[in-house]
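Chain by chain, the residues:
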Amino acid sequence: MSAGAHVEERVGAGVFRALFRGHPAGVTVICADAGQGPAGFTATSLTSVSLDPPLVSFAIASTSSAWPTIREAGSLTVNFLSADQHEIATRFATSGIDRFGGATLWSRLESGEPVLDNAPAFLRAVVTDRIEAGDHHVVLALVVDAETGGSHDPLVYHAGGYCAAAPLA
């Protein structure tokens, strides 16, 4: 196919979903507050984009209850989860609940962003761009602070469920 060729056909949603169910992804919880209280969601789309400057990106569904906050927030946190934190990932992936209530342990950074207290690592980033992409938005953010904590076994999403990454012998 030539570089400028126009493609009319596209893969169906079922095939597309099945393809990516077989592709493991790290699990994070992204949190922000645009002045109306904290909002957050579970994300498996976090990607490092650039080392210099340090940029990350992630996608969020336009229908997500967290989208209005992410759309308006100037900064946010990305909380990396360990393999034993699947309950937190499930909580932040569940619609219609107070994700920051109950058993969720969280606090605010000095700069004001919500952060999960038990996350083994997190980064704080300033949003630089939001790009509409189909039924999602891609958010690009400049990393301005990070705490790497100690080593941990990451939580992974694969084949429709959470699991741990296992090293190869």
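If you're wondering where the values come from, they're calculated on a predicted model, not measured in any experiment. (Residues numbered from 1 in each chain as written. Predicted model: local features only at pLDDT ≥ 70, side-chain atom pairs only at ≥ 80, totals over all residues. Heavy atoms only, no water.)

**Points about the nonpolar core**
The following threshold applies: Definition of nonpolar core: a set of buried residues of the types Ala, Val, Leu, Ile, Met, Phe, Trp, Tyr and Cys, connected through side-chain atoms within 4.5 Å. Here the term buried applies to any residue with accessible area under 20% of the maximum for its type, exposed to any over 50%, and partly exposed to those in between, with areas from a 1.4 Å probe on protein chains only. The helix and strand labels rest on DSSP assignments: H or I over at least four residues marks a helix, E over at least two residues marks a strand, and numbering proceeds from the N terminus. Two residues form a contact once any of their heavy atoms are found within 4.5 Å.
Counting residues in hydrophobic clusters, the biggest one holds 20 residues, and the most contacted among them are Ile30, Phe41, Phe58, Ile60, Ile70, Leu76 and Val139. Contributing elements (two or more residues each) for this core: β2 (28-33), β3 (38-43), β5 (55-61), α2 (67-72), β6 (75-80), β9 (121-133) and β10 (136-147). Excluding anything up to four places from it in sequence, Val139 contacts Val56, Ser57, Phe58, Ile60, Trp67, Ile70, Val127, Asp129 and Arg130. Membership of the second largest hydrophobic core comes to 10 residues, among which are Val29, Leu81, Phe92 and Ala119.

**With respect to the pattern of salt bridges**
Test applied: The term salt bridge refers to a pairing of a side-chain nitrogen on Lys or Arg with a carboxyl oxygen on Asp or Glu at a separation within 4 Å.
All told, the structure shown has three salt bridges when counted by the stated rule. Of the charged contacts, one joins Glu72 and Arg71 as a salt bridge, the two residues approaching to 3.1 Å between their closest N and O atoms. Two residues, Arg124 and Glu113, come together in a salt bridge whose shortest N-O distance is 3.3 Å. Of this pair, Arg124 sits in strand β9 while Glu113 sits in the loop between β7 (106-108) and β8 (114-116), placing them 11 residues apart in sequence. The exposure classification of Arg124 matches that of Glu113, with both residues buried.

**Brief notes about the side chain of Ser82**
Stated precisely, the cut-off is as follows: Between N or O atoms, a polar contact is any pair within 3.5 Å; within protein, one atom must be a potential hydrogen donor and the other a potential acceptor, and residues adjacent in sequence are included only when both atoms are from side chains.
Along the polypeptide, Ser82 turns up in the loop between β6 and α3 (86-93). Classification of Ser82 as buried rests on a relative accessible area of 11%. Polar side-chain contacts of Ser82 include one of 2.5 Å to the side chain of Asp84. Dropping the residues within four chain positions of it, Ser82 is found in contact with Pro120, His152, Asp153, Pro154 and Leu155.

**Considerations on the sheet that holds strand β11 (residues 155-158)**
Just so we agree on the cut-off: Paired strands, in this sense, are two strands between which DSSP finds at least two bridges. Axis definition: a line fitted to C-alpha atoms, limited for helices to the stretch in contact. Angles are taken between N-to-C directions and run from 0 to 180 degrees.
Read from one edge to the other, the open sheet built from three strands follows the order β1-β11-β12, with strand pairing classed as antiparallel. Two strands lie at the open edges of the sheet, namely β1 (25-26) and β12 (161-164), each paired on one side alone. Bridge count between β11 and β12: four bridges; the pairing is antiparallel. Bridging across to β12, Tyr157 finds its partner in Tyr162. Relative to β12, α3 is tilted by about 155°, and along the sheet it contacts β11 and β12.

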